[in-house]
Amino acid sequence: MKKRFISITKAIVCALAMTTIFSCANQGSSTVVSGGSSASVDGIAYVYIDSLINGYDLYNDEATKLMAKQNQYEQELQSKGKSLERRAMELQQNYEKRLVTPTRAQEIQNQLANEQQKLMQTRDQQAMELADDQAQMMNRVGDSIRNFINEFNADKRFKLIISTQGNSVLLYADPALDITKVVLDGLNKRYRGTSGGATPAPAAKADTTASK
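Here goes a summary of the coordinates provided. All of these numbers come straight from a predicted model, not from anything done at the bench. (Residues numbered from 1 in each chain as written. Predicted model: local features only at pLDDT ≥ 70, side-chain atom pairs only at ≥ 80, totals over all residues. Heavy atoms only, no water.)

### Some remarks on the nonpolar core
- Leu52, Tyr56, Tyr59, Ile145, Ile179 and Val183 are the most contacted members of the largest nonpolar core, which totals 24 residues.
- Among the elements of the structure, β2 (44-48), α2 (49-55), α3 (57-96), α4 (102-152) and α5 (180-192) are those that each provide at least two residues to this core.
- Here the element with the most residues in this core is α4; it accounts for seven residues.
- Apart from the residues within four sequence positions on either side, Val183 is in contact with Val47, Leu52, Phe148, Ile149 and Phe152.
- One finds Leu84, Leu91, Val100 and Leu112 within the second-largest nonpolar core, a separate group that totals seven residues. (Core = buried A, V, L, I, M, F, W, Y, C linked by side-chain atoms within 4.5 Å. Buried < 20%, exposed > 50% of the residue type's maximum accessible area, 1.4 Å probe, protein only. Helix = DSSP H or I, 4+ residues; strand = E, 2+ residues; numbered from the N terminus. Contact = heavy atoms within 4.5 Å.)

### Overview of the environment of Leu130
- Here Leu130 lies in helix α4.
- Of the residues examined, Leu130 reaches a relative accessible area of 4% and is grouped as buried.
- With 64 residues separating them along the chain, Leu130 and Leu66 place their C-alpha atoms 7.5 Å apart.

### A closer look at the packing of aromatic side chains
- A full pass over the atoms with the stated rule returns four aromatic pairs.
- Summarising the aromatic geometry, the rings of Tyr46 and Tyr48 are spaced 5.6 Å apart at their centres and angled 90° between planes, so their arrangement reads as edge-to-face.
- With a centroid separation of 6.2 Å and 75° between ring planes, the pair formed by Tyr56 and Tyr191 is classed as edge-to-face. Note that Tyr56 is positioned in the loop between α2 and α3 and Tyr191 in helix α5, a separation of 135 residues in sequence.
- Residue class for Tyr191 comes out buried when judged on its relative accessible area of 5%.
- By way of ring pairs, the aromatic residues Phe148, Phe152 and Phe158 are connected into one cluster.
- A cation over an aromatic ring shows up here: Arg157 above the ring of Phe152, its NZ or CZ 4.7 Å from the ring centre. (Phe/Tyr/Trp six-rings, centres within 6.5 Å; stacked < 30°, edge-to-face > 60°. Lys NZ or Arg CZ within 6 Å of the ring centre and 35° of its normal.)

In structure tokens, the structure reads:
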């Protein structure tokens, strides 16, 4: 199930990178972002969504909890699976030694088969549950990022903030328009400032004059 978890995460990150574009009001002049970087005269900037998500403490905290849940499920399934294997081997040995009758051996075999089927159903249900938990987690992270972007751009300095992943969308972009770090710093500052590390509530706009 680890491979399934990882593949789903990458798919969601890619989906966010391909579809998430933050539209903002028009701004006609160049505006300082941080560390001397400035928006273009068209008020456009971009963020690397994969770097933003992977560096966001909210995502990492939630992903750690989800991985712990997944590991617990895997350990339980492995334990029950090994128990079934052991009982099946014992049945085979007892049958060969004629310690059980063929009728009784068949009954036990049917019981083990039923338990194995239930175990597979449990595995599938848990995989679906983990996938649903992960989708909800990514929705929370995505909503948090979008809310912060709105706060970050409350002064309407940008008309457009684009999300990208590597070179999947942007074949070339001026590094001066990359606001990933300042947005990430603001996200984590807001998240760490919330009680108990819960999903952050709307907060004041981040200080965009901080050094990149």
